[in-house]
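A closer look at the structure
So the chains spell out like this:
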Amino acid sequence: MKKLISLLLALMMLAGTCAMAESVADLAKAAESMTHEELVAKALAEEGTFVVYGNTSRIVTAAEAFSALYNIPFEGSNLKDGEIYTKLETEINGKVKGADMVMIQDGASLQDIAIAGGYLVNFVPASVKDKVAESDQNPLIQQFINKTFIWNNLGENVPAITNVWQLTEPQFKGNIVFKAPDAEQVNMNFLVMLTNEEWSGKLAAAYKNLYGKDIELGDYENAGYKWIAEFLGNCVFGNSDTTLAEEVSQETAQGKLGLFVLSKLRSSSVYTENLTVGQYQAAETGTPIEPFSGFMYPMYAMLSANASRPYTAMLFIEYIMGADGFEPWGKSIGAYSGNSEIAPLEGDLPLADWKASLVMEDPEYILENYENVYAFVNMFLQ
């Protein structure tokens, strides 16, 4: 009898979870036609603390401004992607009050874990629907972030890079810094993308352009795998993009190059005058880095499936999709709003220019090929 009761309770909890997820999804669908004023009224009628999780430190700054604007109490947490997924699973399956809204990266994991698992719900505010590309609406992209080649410009041995195959040459052994791909999923996703037909083909063409001969693959499946192996073989791995930016900017780092988040140049501990951003130099000289100057990935804004303040979460998404809400990110280089009416910081390049020069994520390809590429990459991380 006790086993039967336990089973019935478990089924009731599961049914409650499904109903809750369906309820938030239904609310979100209906709210996509609401005006700003209607969303505000619905949000202010809700009670309790508004809870936000994000893998960006600036989510708390945005939430503080939002809280002050609408007099809504909030809690904000800056967490890693894996921590966010774990907390969502625990909260939703346990019917525990937790996040109302999350900002998260890594489109492949988002699709595979959070959306397929029913943990997150998409919402596109009516006020920005015509300002966001249709391809960026489901799941909703709040912004794009880029990691690009940046090098120390001091001394006589300045790494003037025009082709990524130069980074596989002996002089760069130990002189390239890169956040370990097993420490940040977007870095692994970037490497996975280089093995697809498009990018492996571009890498093969870039090799011929640089060396004047066809690439010899040996045991490598394609040029993507070969570049990954030789690039990682020259890298020194770190655990923080901020630390890597600081390291490359030092006077003692002559000849060093990094592949890290461009927006880290905002840090007061980074000596930006000692750094050259490869893509900026390429734009000035008209000589692009073949076939890419780094990679770019989206940051998504979504509702939690068991949000206790769903309308507040929707209003917050509308807020951070607008100019005022984007300010914590938009006041520095390296952040590009999903809202086409919000331009990058003056002096930065347009989003379209970055997209044309960077490797972009394809979640479907990453999911299908992740295991094979991960096993290959892992050989160079031991």
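Everything below is about the structure printed above this text.
Residue indices begin from 1 for each chain and proceed along its sequence in written order. At least 70 in pLDDT is required for a residue's local features to be given in this predicted model, at least 80 for side-chain atom pairs to be given and counted, and no such filter applies to totals for whole chains, interfaces and linings, which use all residues. Working from all heavy atoms in the structure, the side-chain values ignore hydrogens and water.

Let's talk about the pairing of strand S10 (residues 294–304)
Formally: Exposure classes here rest on a 1.4 Å probe applied to the protein chains alone. A residue is buried below 20% of its type maximum, exposed above 50%, and partly exposed in between. Each helix is a run of H or I in the DSSP string that is no shorter than four residues. Each strand is a run of E no shorter than two, and both are numbered from the N terminus. DSSP-based pairing: two strands are paired if at least 2 bridges between them are found.
Within S10, 11 of the 11 residues are buried, which leaves the element mostly enclosed by the surrounding structure. Relative to S10, strand S3 (residues 101–104) is paired through 4 bridges, and the arrangement is antiparallel. When the sheet's bridge partners are listed, methionine 103 is paired in S10 with alanine 301. Bridge count between strand S4 (residues 120–121) and S10: 2 bridges; the pairing is antiparallel. Looking at the pairing, valine 121 lines up with leucine 303 of S10.

Quick notes on the pattern of salt bridges
What counts here: By convention in these notes, a salt bridge is any Lys or Arg side-chain nitrogen within 4 Å of a carboxyl oxygen on Asp or Glu.
Evaluated as defined, the whole model comprises 8 salt bridges. Between lysine 147 and aspartate 241 there is a salt bridge, with the nearest N and O atoms lying 3.0 Å from each other. Of this pair, lysine 147 sits in strand S5 (residues 141–152) while aspartate 241 sits in helix H9 (residues 241–248), placing them 94 residues apart in sequence. With respect to class, lysine 147 is no different from aspartate 241; both count as buried. Across the pair lysine 208 and aspartate 214 runs a salt bridge whose closest N-O atoms are separated by 3.2 Å. Owing to a relative accessible area of 43%, lysine 208 belongs among the partly exposed residues under this scheme. Shared partners join several salt bridges into a network, and the residues in it are Lys147, Lys179, Glu184 and Asp241.

Observations regarding unusual backbone geometry
Proline 139 follows asparagine 138 through a cis peptide bond whose omega is 0°. With respect to the helices, strands and loops of the structure, proline 139 is situated in the loop between S4 and S5. Of the consecutive residues glutamate 290 and proline 291, the connecting peptide bond is found in the cis state with omega at -15°. Turning to its location among the elements, proline 291 is positioned in the loop between helix H10 (278–285) and S10. Non-glycine residue lysine 95 carries a positive phi angle of around 55°. Mapped onto the fold, lysine 95 is located in the loop between helix H4 (81–93) and S3. According to the relative accessible area criterion, lysine 95 is partly exposed, its value standing at 43%. Even without being a glycine, aspartate 106 presents a positive backbone phi close to 70°. Summarising the element assignment, aspartate 106 is placed in the loop between S3 and helix H5 (107–115).

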